Amino acid sequence: MAKRPTYEELEQRVRQLEKEAVRRDRAEEALRANEGSYRLLFSAEVDAITIVDAKTKQIIDANDAALALYQYSRDEFLQLKATELSAEPERSTAHIDKVASGKPAVVSPGPVERLHKKKDGTLFPVEISSGVYVFQDRRMVCAIMRDMTEHKRAEETIRESQARYKQLWDDAPVAYHTLDARGIILHVNQTEADMLGYTKEEMVGKPIFDFVLPEQRKDAKQRFRLKLAAEPIPKDVDRIYVRKDGSKIFVSVNDVLEYDSDGKVVGVRTTMVDVSERKRAEEALRESEARFRDIAYSMADWVWEVDKNGVYTYCSKRVENILKYSPEEILGKTPFELMPQDEAKRIREIFSKLVQNKEPIRDLENWNITKDGEMVCLLTSGVPVLDESGKAIGYRGVDKDITERKRAEEALRQSEKKYSTLVENSLTGIYIDQDEKIVFANNRFAEIYGYPIEELTGMETWRLVHPEDRSLINRTRARRLKGESVPSEYLARGLTKAGETLWIARRNVLIEYQGRPAILGNVVDISRQKHAEEELRKTNEELKNFVDVVSHDLKTPIISIQGFSARLRKHYQEKLGEKGRQYISRIETSARRMEALVSDLLELSRIGRVVSAFSDVSSMEIVENVTAGLQDRLKDRGIKLAVAESLPTIHCDGERVYQVFENLIVNAIKFIGDSENPKIEIEYEDKGAFHQFHVRDNGIGIDPKWHRKVFDIFHRLKEIEEQEGTGLGLAIVYRIVSNHGGKVWVASEKGKGATFYFTLPKKS
């Protein structure tokens, strides 16, 4: 029968168990501290971080910034694959595979930009820095995503990582067995049997070494023999046992020798404590430390730790990219030594208050001087590190280089200042209409409507519109907000504060204002122009009536003159004599000229007032009809006519364009002079949105000083004053071409012929 342990033996075993518990507590505390460091850093990072299984692309872990950025709950997020966050899944897969193929703890060469999507489908660009590390024989990709469209940084509440493991040894059961001198199990308690997955009956009678890991059996037997021989060996040994299901278990073993009455060793009493959790904790601690180093190395930002005085005690290698110093050059310094004097004073005061109150550092902007002497702006975030008593012993955090962002913000401020100056000093009224209310108006807008700006802000837009035009404004706004195609420019009457009606030319476009649709409007008061147009219309109407009356009143005496001249020539020709007949000829010539002048005046007054429908007409056919009617005049002058082989179909008032070609060709005949080889050419050139024609002659030419005057009413060159004509032909050409939306001009030098150009717009 086994000898019962003495009180001293039991007391000794209790002290051993207490030592073991302390050792386990220390291991667990180290694990919690290091895991806390990792989790604090992981959570404190303002950018989104995800840990992804490189093989399955499954998201294993993510920080709060990632959840906020992509708008998922943690449970939802951990169900996703990394490729589901990308708007370009194939590129995302290729990138992960490329990063995973690299060496662990080495960041991928440079950040990449990708298009990602939130839970609601919103697309946005991100900058990704990635690194790979090995965890539990699996390659993991650590990716840091930075939102490139948003400058806001969500403030994260840095929280202490909750303990992941329970106290391993509080109330832990103790496995117990007794062995004979050969190492055969004599007795075993239920705790040990359960721990190894056997029944007590299956264990009793077998050597204890059968349950030890085969690789450790030789050493276990050797230690057992030394123990029986009372050789000095360590009492506590961590041994690996093999459960019935083949799994391994780490145990801490403590043996006590049993003696018979003669003092001979007859057996061993052994207690075993399952230290598998401790072993796993130690392994997790090593992995956590490696993970911390890998993440710190792969992050695009600079990771640091300082003591309570702000002296750097840790610095990641990323500092070289930001401040150009090596980590070794940074250690032992304070952040204040890297700043301009005034900045150092400001930041030191802030840091002292944070340390005193144990508050985290949240998005603290500060300017630093690099080793090269350049200024960079850093965004600092960090959390206090507390000792067991809760006293702050330092800070741990990250610095992000935001120099480019600050420069962009400054450029934006300058741009906004310029924009504000332009808007406020614009001669055009500018306003923003949102929810049918004025949310912004410049000074000119207020002047046009006669309101103070503060009174306009928040006013319903319909109050500034004439009642008869409000339905037009409302329909146009509604269609524009729906994205329908509506004219950007239109006229609508407005109302001033005094109730006066204005004619307003509007130009509106759809914009986004403070994250919501709105309408940006430009208004110009054209009331004077409209009044002038009305006056012009009345004047033109009066002029038309005047021309009609004058033309009618002039035609009657002309007909009488022509009639009496004809009778005189017929009945009194012999009595008039030669001189009288000359007088009659002059009277007839003047009458014909007066008749032509009246006809041309009527024609000129009709252009623009009488509008024929436009149609597609062959310009070649027009030219052929015109030249056919002028063949006799061309032959009389011996003029050669050259017409382009191909003239286009044009969209126009065919009758009016006929007049253009006729007047220009007749004008060329008049200007041909005494040229030895008189020639008139009609050519065409495609000018994109316009047709361009020209009529060229090799006649007497026109002095450049008269180029603009030749299109004026009644203007005639002295060189052809003896020719028939009223001086209205080119004025009619100018009026017709202008009414078609085209232009007409002349290129000529005196004695070198003339070329008249005109353009007609193509059919839209």
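Residues numbered from 1 in each chain as written. Predicted model: local features only at pLDDT ≥ 70, side-chain atom pairs only at ≥ 80, totals over all residues. Heavy atoms only, no water.

A. Seen up close, the sheet that holds strand 28 (residues 754–761). Spatially, 23-25-26-28-27 is the arrangement adopted by the 5 strands of the open sheet, whose pairing is mixed. With one partner strand each, in any of the chains shown, strand 23 (640–643) and strand 27 (744–748) form the two edges of the open sheet. Across the sheet, the mean angle from the axis of one strand to that of its neighbour is 15 degrees, orientation sign disregarded. Judged from the 8 bridges that link them, strand 25 (residues 679–687) and strand 26 (residues 690–697) form a sheet pairing that is antiparallel. The partner of Lys-687 across the bridge, within strand 26, is Phe-690. (Pairing = 2+ DSSP bridges. Helix = DSSP H or I, 4+ residues; strand = E, 2+ residues; numbered from the N terminus. Axes fitted to C-alpha atoms, helices over the stretch in contact; angles between N-to-C directions.)

B. Looking closely at the side chain of His-466. Note that His-466 resides in the loop between helix 14 (453–456) and helix 15 (470–481). Not counting residues within four places of it along the chain, the set of residues in contact with His-466 comprises Arg-493, Gly-494, Leu-495 and Thr-501. (Contact = heavy atoms within 4.5 Å.)

C. Focus on the pairing of strand 16 (residues 392–401). Burial runs high along strand 16: 8 of the 10 residues are buried. By the bridge criterion, 6 bridges tie strand 12 (residues 302–307) to strand 16 in an arrangement that is antiparallel. The residue of strand 16 that forms the bridge with Trp-302 is Asp-399. Two elements, strand 15 (residues 375–386) and strand 16, share 9 bridges in a ladder whose sense is antiparallel. Note that in strand 16 the partner of Gly-382 across the bridge is Gly-397. (Buried < 20%, exposed > 50% of the residue type's maximum accessible area, 1.4 Å probe, protein only.)

D. Structural view of helix 12 (residues 403–424). With 22 residues, helix 12 extends 31 Å between its outermost C-alpha atoms, agreeing within 8% with the 32 Å of an ideal straight helix rising 1.5 Å per residue. Listed in full, the buried residues belonging to helix 12 are Thr-403, Arg-405, Lys-406 and Val-423. (Expected span 1.5 Å × (residues − 1).)

E. Highlighting unusual backbone geometry. Within the chain, Lys-358 stands out as a residue other than glycine whose phi angle is a positive 55 degrees. Within the secondary structure, Lys-358 sits in the loop between helix 11 (341–357) and strand 14 (361–369). Lys-358 gets classed as partly exposed once you look at its relative accessible area, which sits at 41%. The phi torsion at Glu-436 lies on the positive side, around 65 degrees, for a residue other than glycine.

F. Up close: the environment of Gly-742. Its location among the elements puts Gly-742 in the loop between helix 21 (729–739) and strand 27. Owing to a relative accessible area of 13%, Gly-742 belongs among the buried residues under this scheme. A C-alpha to C-alpha distance of 6.2 Å links Gly-742 and Pro-761, two positions 19 residues apart in sequence. Discounting chain neighbours no more than four positions away, the residues touching Gly-742 are Val-737, Thr-759 and Pro-761.

G. Spatial organisation of the side chain of Arg-114. Topologically, Arg-114 is positioned in strand 4 (residues 112–117). Among buried charged residues, Arg-114 stands out as having no salt bridge; its nearest opposite-charge side chain is Glu-88, 5.0 Å away. Non-local contacts of Arg-114, meaning those with residues more than four positions away in its chain, are made with Glu-88, Arg-91, His-95, Phe-124, Pro-125, Val-126 and Ile-128. (Lys, Arg positive; Asp, Glu negative; His and termini not counted. Salt bridge = Lys/Arg side-chain N within 4 Å of Asp/Glu carboxyl O.)

H. The arrangement of the pattern of salt bridges in detail. Counted according to the given criterion, the structure contains 41 salt bridges. When the shortest N-O distance is used, the salt bridge between Arg-396 and Glu-305 registers 2.6 Å. Here Arg-396, found in strand 16, pairs with Glu-305, found in strand 12; they are 91 residues apart in sequence, far enough to count as distant. Here Arg-396 and Glu-305 have matching classes, each one buried.

I. Structural detail: the environment of Glu-215. Take Glu-215: it is sitting in helix 7 (residues 214–228). Sequence separation between Glu-215 and Ile-240 is 25 residues, and the spatial gap between their C-alpha atoms is 9.3 Å.

J. Fine view of the sheet that holds strand 20 (residues 501–513). The antiparallel open sheet is built from 5 strands, whose spatial order is 18-17-21-20-19. Every other strand in the sheet has two partners, leaving strand 18 (437–441) and strand 19 (489–495) as the edge strands with one partner each. Along the sheet, successive strands turn relative to each other by an average axial angle of 40 degrees, direction set aside. Across 7 bridges, strand 19 lies against strand 20 in antiparallel orientation.

K. Spotlight on the packing of helix 20 (residues 654–671) against helix 21. Between helix 20 and helix 21, whose axes approach to 9 Å, the crossing angle comes to 145 degrees. Between helix 20 and helix 21 lies a crossing of left-handed hand. Across from Arg-656, Gln-659, Val-660, Asn-663, Leu-664 and Asn-667 in helix 20, the residues of helix 21 making contact are Gly-729, Leu-730, Ile-732, Val-733, Ile-736 and Val-737. Broken down by class, the residue content of the contact of helix 20 with helix 21 amounts to 7 nonpolar, 4 polar and 1 charged. (Left-handed = near helix turned anticlockwise from the far one by under 90°. Nonpolar A, V, L, I, M, F, W, Y, C, P; charged D, E, K, R; others polar.)

L. Region of interest: the pairing of strand 15. In terms of residue burial, strand 15 counts as a mostly covered element, since 10 of its 12 residues are buried. Between the end of strand 14 and the start of strand 15, which pair antiparallel, lie 5 residues, with Gly-373 showing a positive phi angle near 90 degrees. If you look at the hairpin formed by strand 15 and strand 16, you'll find 5 residues sitting between the two strands, and Gly-390 has a positive phi there, around 90 degrees.

M. Inspection of a nonpolar patch on the surface at higher detail. A cluster of nonpolar side chains, contributed by Leu-568, Tyr-572 and Leu-576, occupies part of the molecular surface with about 240 Å² of accessible area. Tracing the backbone shows Leu-568 in helix 16 (residues 527–571). (Patch = residues over 30% accessible without salt bridge, like charges linked within 9 Å, V, L, I, M, F, W, Y side chains within 5 Å. Areas by Shrake-Rupley, 256 points an atom, 1.4 Å probe, with all protein chains shown as cover.)

N. Representation of helix 20 in the model. The end-to-end C-alpha separation of helix 20 is 26 Å, in line with the 26 Å expected for 18 residues at 1.5 Å each. Most of helix 20 is tucked away: 15 of the 18 residues are buried. Once helix 20 ends, the next one or two residues include Gly-673, with phi positive near 65 degrees.

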